[in-house]
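A closer look at the structure
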Amino acid sequence: MILGINTEEVDGYFLLNGRLSYALPMLAEGSEVFLALENLTNNTDYEYRPDYPMPGTTAMLGVNLALR
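Residues numbered from 1 in each chain as written. Predicted model: local features only at pLDDT ≥ 70, side-chain atom pairs only at ≥ 80, totals over all residues. Heavy atoms only, no water.

**Brief notes about the overall build of the chain**
Let me state the cut-off plainly: In this description a helix means any DSSP run of H or I spanning at least four residues, a strand means any run of E spanning at least two, and both kinds are numbered starting from the N terminus. For the exposure calls, accessible area comes from a 1.4 Å probe over protein chains only, and a residue counts as buried if that area is under 20% of its type's maximum, exposed if over 50%, partly exposed in between. In this analysis, two residues are considered to be in contact whenever any of their non-hydrogen atoms come within 4.5 Å of each other. Note on areas: Shrake-Rupley, 1.4 Å probe, and residue coverage restricted to the protein chains presented here.
Of the regular secondary structure elements, the chain holds zero helices and five strands. When the helices and strands of the chain are listed from N to C terminus, the series reads β-β-β-β-β. Across its three principal axes, the chain shows a C-alpha extent of roughly 50 × 40 × 15 Å. Within the chain, the proportion of its 68 residues that are buried is 19%. Considering only contacts within the chain whose residues lie at least 6 apart along the sequence, 45% involve residues at least 24 apart. Accessible area of the chain: about 5900 Å², with a carbon and sulfur share of 56%.

**A few points about the sheet that holds strand β2 (residues 32–38)**
Condition: Whether two strands pair comes down to DSSP finding at least two bridges between them. Between N-to-C directions, angles cover 0 to 180 degrees, with each direction set by a line fitted to C-alpha atoms, over the stretch in contact for helices.
An order of β1-β2-β5 is seen for the three strands of this open sheet, with the pairing classed as antiparallel. The sheet terminates laterally at β1 (18–23) and β5 (58–64), the two strands that pair on one side only. Across the sheet, the mean angle separating the axes of adjacent strands is 10 degrees when strand polarity is ignored. Where β1 lies against β2, six bridges are found, and the strand directions are antiparallel. From the neighbouring strand, L20 faces β2, where its bridge partner is L35.

**Considerations on a nonpolar patch on the surface**
Inclusion rule: Residues form patches when they are more than 30% accessible in relative terms and have no salt bridge. Like charges link within 9 Å. Nonpolar side chains (Val, Leu, Ile, Met, Phe, Trp, Tyr) link within 5 Å. One speaks of a salt bridge when a side-chain nitrogen belonging to Lys or Arg is within 4 Å of a carboxyl oxygen belonging to Asp or Glu.
A cluster of nonpolar side chains, contributed by M26, L27, V63 and L65, occupies part of the molecular surface with about 450 Å² of accessible area. Its relative accessible area of 53% is what places L27 among the exposed residues.

**Considerations on the confidence of the model for the chain**
The test is simple: A residue's pLDDT is simply how confident the predictor is in it, with values from 0 to 100.
Confidence in the prediction for the chain averages 88 pLDDT; 97% of positions are at 70 or higher. Considering each helix and strand of the chain separately, the mean pLDDT is smallest for strand β3 (residues 47–49), with a value of 80, and largest for β1, with 97.

**Notes on the environment of G12**
Inspection of the secondary structure assignment puts G12 in the segment before β1. Since its relative accessible area comes to 74%, G12 is described here as exposed.

**A word on the pairing of β2**
Bridge count for β2 against β5 is seven bridges, and the pairing is antiparallel. Bridged to A36 within β5 is M60.

**Details of the environment of Y13**
Tracing the chain through its elements places Y13 in the segment before β1. On the basis of relative accessibility, which here comes to 35%, the residue Y13 falls in the partly exposed class. Ignoring any residue separated from it by four or fewer positions in sequence, one finds Y13 in contact with N43, Y46, E47 and Y48.

Spelled out as structure tokens, the structure:
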């Protein structure tokens, strides 16, 4: 079975992402709380695929729990 190949191109773009985390060893080794920020430049004129625009700056707050 051969899957389709995407030959369409999009313009170049610059993105800046960041992630801050704080270890939580009192819960379990490898656990952390984090804040991830994507598209810090708030570039709203880019797309991964033609006609598929991407969002501006987004943030995600989360917890990674290690089960050991």
